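Working through the structure, step by step
Spelled out, the chains give:
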Amino acid sequence: MPLINCFGDLVIRKLFSKTWQHREEALNEIEDLAINGNQIGEEDAFLNSIGAINFTINDKMAVPS
């Protein structure tokens, strides 16, 4: 199942945003949908969550000062 079908258009737009804060929001929403979303099968939720994590794994986060 494609990411957009699994998590929705808005979440995937955030995931592919150039702004890392939006990508972080998307990952939080994906986590909520994958864990609490009953409309997604466990296998699809797991595989698509791993795909989203793989896409964002090299993101540089802001360093607290």
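Residues numbered from 1 in each chain as written. Predicted model: local features only at pLDDT ≥ 70, side-chain atom pairs only at ≥ 80, totals over all residues. Heavy atoms only, no water.

**Observations regarding the pattern of salt bridges**
Scanning the entire structure with this criterion turns up 3 salt bridges. One salt bridge connects arginine 13 with aspartate 9, and the closest N-O pair in it is separated by 2.9 Å. Here arginine 13 pairs with aspartate 9, and both are found in helix 2 (residues 9-15), just 4 residues apart, close to one helical turn. Aspartate 9 gets classed as partly exposed once you look at its relative accessible area, which sits at 39%. Across the pair lysine 14 and glutamate 29 runs a salt bridge, and its minimum N-O distance is 2.6 Å. On the criterion of sequence distance, the pair formed by lysine 14 in helix 2 and glutamate 29 in helix 3 (residues 20-36) is long-range, its members being 15 residues apart. Taking the relative accessible area as the measure of exposure, lysine 14 reaches 17% and is therefore buried. Connected via shared salt-bridge partners are Lys14, Glu25 and Glu29. (Salt bridge = Lys/Arg side-chain N within 4 Å of Asp/Glu carboxyl O. Helix = DSSP H or I, 4+ residues; strand = E, 2+ residues; numbered from the N terminus. Buried < 20%, exposed > 50% of the residue type's maximum accessible area, 1.4 Å probe, protein only.)

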